[in-house]
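# Coordinate inspection notes
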Amino acid sequence: MTLEPPSQCSDRRQFLKGSVAVASTVFLTKGRASESAEQPAAPESAARIVRNSRPLDLETPVKYFDEFLTPIPAFFVRSHFGEPAVGLAPWTLTVESPAGVIQRIRLAQLDALERFEFPAVLQCAGNGRALFRPRIPGLAWEKGAVGNASWSGVRLADVIMRFGGVLDGVKHVHFYGLDRPPSPKTPAYLRSIPIERALDTSTLLATHMNGVPLPVLHGGPLRVVLPGWTGNHWIKWVRRIVLSPVEAPGFYQQTGYKMPRSPLTPEQSPPPDALQPVTWQNVKSLIALPHHDSRVKLGPIAIQGVAWTGPGLVERIEVSCDGTTWQPAQWLGEARAGTWRLWRADWTPPRAGMYSIRSRATDTNGQTQPDATPWNKSGYLWNGVDHVTFEVV
Amino acid sequence: MRLIFPPMLALAVLVGLIGAEKSRLPATVHLNASGLQNPEEQRHDEITKQTISAYCLSCHGEEMIEQQRLTPAQWKAEIEKMVSWGAALPADQHSRVIDYLSRSFGLDAPRPLVRIVDGDGLEGLRLSPEKPPPHLLPGTSAERGADLYTRNCANCHGSRGEGNELGPRLANQPILLHPAEFVEVTSRGRRRMPASSGVLNVEQCHDILSWLIRQTLTELQG
């Protein structure tokens, strides 16, 4: 196949080419001052919810979603098998064809490639699983298996072009990380993506997060960044990239992370061809303020949150404070593909009492958050309308 | 596979089983039984909790279990999946465990209690240190470590540190970057792993650690 080199314009690059036309976005390069390149005043520590202590799976409380970039100490943590022993030997990355290793690369060799930096939302495919009914087995994420960070690294397309040899017949790119399962009987974690997505200019191999070297907990020294797609694709501790005519074998690609093409009921068992891999995220919003189960003084209340989508851009954000009607909220900041947008609404409750407010986002593809996401047996892609309940005193 | 139990190790196993379980269960989180009044039933559940700790918590934390809310059929399916992935829960324990989990973490169980931690308030929240230990700790011998590992560890953790039915993988695990913690955990024991303090001294633990690091480097080249 013919590769087109990534387009190079002065400071503007088309961020995310998909099958849907997207508004061109400002493509941030390192060091450029802007609202979204500001690093948050990083707290020294942040409280996270333990969904699993081994391996660490930590959920971010939604109160931290009142800033554009989620601070690293608050950022959610997720892996199937926990971090490996990073640092015993210099990191190597191999690029392989089905015939064998083409190149074994040291990290310093990636310095020869141009670096890119931009914000993108990382969300676990199972975020919100605990909100589905009937209940679904798996990590009981509620709202906070998601965060927005500024990712910096090299384009996967450039790595493949520089080190990948001939691409005739290559249809898929496999990623393997350094992490290993606790038992030889447990399937290893891996991911396989189509070559078109691999070569998209937004697909990175990231070495930095929010301006600092990628922490080991978040996949350091090297991880995949795949804006708009769910977190299972963002392979951590990347060691091997395999160029292949076929998808990667193994449970986590062939069986795991699949959803039915159309919604099914819990009683139905779909045949394999009725399933497709989870790829794009869907439209979603979260309320960061006021906090659920909190008490606020009677008076004007600032309602704040975030909203984002998979393909396209978030376009409309609404809140409902009376359980019936919806009012538009105001966006803070521009729409940008692959990352989220802060929003705000001001409201004064009429009197003391218990209140429930909801938020609902709509994107440029006309997708709106439903009251409840259609059930799927793995609990992926929950994007029901968000709500918080609090008391006004 | 023939298990080798030198007399000292057998004593250490006994001591480990009595001592290690209580000390390792976190203070604030526990597998809770559902409103049983009968002391004999409570004792029955305590034994089941130890079974779960032995066969399930060697690979993952207890929160993964406690935060589920599943039907008996769903619990059965999860157990079967875990067994197929290496959990060595004996077949005659399945129904007991399924029963306990369904009662304690069924659809009607109250909302799970969760821990909220910050910073380093969690044993597993370790980042790689600035300087990993040298591949060979001073004064240690990976060759001596290989022999010590084979005789004391391999039966449970696999001949190459890859894990097996009895113990999890050790090669390539972050604890290898923390020699002091490695020595402490092996000395005191953990869950079904007996305390090695009556059998191995600190230098021997370091020898084993050096071998495990060498084994990890061998894996990295593969």
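Here goes a summary of the coordinates provided. (Residues numbered from 1 in each chain as written. Chains lettered and ligands numbered in written order. Predicted model: local features only at pLDDT ≥ 70, side-chain atom pairs only at ≥ 80, totals over all residues. Heavy atoms only, no water.)

### Thoughts on the overall build of chain A
- The secondary structure content of chain A amounts to three helices and 23 strands.
- In chain A, which comprises 393 residues, the proportion classed as buried is 59%.
- Sequence-distant contacts, at least 24 apart, represent 71% of the contacts inside chain A between residues at least 6 apart.
- Accessible area of chain A: about 15,600 Å², with a carbon and sulfur share of 54%. (Helix = DSSP H or I, 4+ residues; strand = E, 2+ residues; numbered from the N terminus. Buried < 20%, exposed > 50% of the residue type's maximum accessible area, 1.4 Å probe, protein only. Contact = heavy atoms within 4.5 Å. Areas by Shrake-Rupley, 256 points an atom, 1.4 Å probe, with all protein chains shown as cover.)

### A short note on the interface of chain B and chain A
- Across the contact, 50 residues belong to chain B and 41 residues belong to chain A.
- Here chain B meets chain A over a buried area of about 3,900 Å², counting both sides, of which 56% is carbon and sulfur.
- Interface area lost by chain B to chain A is led by B:Trp85, B:Asn172 and B:Leu220, which between them contribute 16%.
- Between the two partners, chain B and chain A, sit two salt bridges.
- We note a salt bridge from B:Glu165 to A:Lys185, for which the minimum N-O separation is 3.8 Å.
- In this structure, the connection of chain B to chain A is made through 17 residue pairs in polar contact (both at pLDDT 80 or more).
- No other element matches the four residues that helix H9 (residues 202–221) of chain B contributes to the side of chain B that touches chain A.
- Each residue belonging to the side of chain B that touches chain A can be placed in one class, and the counts come to 20 nonpolar, 18 polar and 12 charged.
- Relative to strand E1 (residues 116–118) of chain B, strand E1 (residues 47–53) of chain A runs antiparallel, the two being bridged by three bridges. Of the residues in E1(B), the one forming a bridge with A:Ala47 is B:Asp118. (Buried area = accessible area lost by both parts, 1.4 Å probe. Salt bridge = Lys/Arg side-chain N within 4 Å of Asp/Glu carboxyl O. Polar contact = N/O pair within 3.5 Å; in protein donor to acceptor, adjacent residues only side chain to side chain. Nonpolar A, V, L, I, M, F, W, Y, C, P; charged D, E, K, R; others polar. Pairing = 2+ DSSP bridges.)

### A word on the layout of surface pockets
- Its boundaries defined by the atoms lining it, the second largest pocket holds a volume of some 1,100 Å³.
- Along the walls of the second largest pocket sit 42 residues, with A:Leu131, A:Glu142, A:Lys143, A:His292 and B:Arg111 positioned nearest its centre.
- Secondary-structure elements contributing two or more residues to the lining of the second largest pocket are E1, strand E15 (284–289) and strand E23 (386–392) of chain A.
- For the lining of the second largest pocket, a count of residues per class yields 17 nonpolar, 10 polar and 15 charged. (1 Å grid on protein atoms, 1.4 Å probe; cavity = no way out; pocket = protein on both sides within 12 Å on 5 of 7 lines; lining within 4 Å. Points joined across faces, edges and corners; volume = space filled by probe spheres on them.)

### Observations concerning the packing of helix H2 (residues 39–55) of chain B against helix H5 (residues 94–104) of chain B
Residues and elements named next belong to chain B.
- Packing of H2 against H5 brings their axes to within 10 Å, and their N-to-C directions diverge by 105°. Here H5 runs roughly perpendicular to H2, going by the angle between their axes. For the pair H2 and H5, the contacting residues are His 44, Asp 45, Ile 47, Thr 48, Lys 49, Thr 51 and Ile 52 in the first and Arg 96, Val 97, Tyr 100, Leu 101 and Arg 103 in the second.
- Counted by class, the contact of H2 with H5 contains five nonpolar, three polar and four charged residues. (Axes fitted to C-alpha atoms, helices over the stretch in contact; angles between N-to-C directions. Parallel < 35°, antiparallel > 145°, perpendicular 65-115°, else oblique.)

### What to know about the packing of aromatic side chains
- Scanning all chains against the criterion turns up 19 aromatic pairs over all chains.
- Between the aromatic rings of A:Phe76 and A:Trp141, the centroid separation amounts to 6.1 Å while the plane-to-plane angle is 85°, which identifies the pairing as edge-to-face. Note that A:Phe76 is positioned in the loop between strand E2 (56–59) and strand E3 (92–97) and A:Trp141 in the loop between strand E5 (115–123) and strand E6 (146–155), a separation of 65 residues in sequence.
- Here A:Trp141 falls in the buried class, since its relative accessible area comes to 0%.
- Plain terms: the ring middles of A:Tyr257 and A:Tyr380 are 5.5 Å apart, the flat faces sit at 10° to each other, and that makes the pair stacked. Here A:Tyr257, found in the loop between helix H3 (251–254) and strand E13 (258–260), pairs with A:Tyr380, found in the loop between strand E22 (353–363) and E23; they are 123 residues apart in sequence, far enough to count as distant.
- A:Tyr257 gets classed as buried once you look at its relative accessible area, which sits at 9%.
- Directly above the ring of B:Tyr55 sits B:Arg192, whose terminal nitrogen or CZ lies 4.5 Å from the centroid. (Phe/Tyr/Trp six-rings, centres within 6.5 Å; stacked < 30°, edge-to-face > 60°. Lys NZ or Arg CZ within 6 Å of the ring centre and 35° of its normal.)

### With respect to helix H6 (residues 142–152) of chain B
Residue and element names in this part refer to chain B.
- Every buried residue belonging to H6 is among Ala 142, Gly 145, Leu 148 and Tyr 149, and all of these are buried. Across the axial projection of H6, the buried residues extend over an arc of 115°, all falling on one side.
- In this fold, the buried residues of H6 make contact with helix H7 (154–157) and H9.
- A side-chain oxygen of the first residue of H6 lies 3.3 Å from the backbone nitrogen of Glu 143; this N-cap is Ser 141. (Arc of directions from axis to C-beta.)

### With respect to the nonpolar core
- Counting 86 residues, the largest nonpolar core has A:Trp151, A:Val159, A:Val173, A:Leu205 and A:Ile241 as its most contacted members.
- The greatest single-element share of this core, amounting to eight residues, is contributed by H9(B).
- In contact with A:Val159, other than residues within four places in its own chain, are A:Val95, A:Ile105, A:Leu110, A:Leu113, A:Val154, A:Gly164 and A:Leu205.
- Among the nonpolar cores identified, the runner-up in size contains 20 residues, and A:Ile287, A:Val296, A:Val319 and A:Ala361 belong to it. (Core = buried A, V, L, I, M, F, W, Y, C linked by side-chain atoms within 4.5 Å.)

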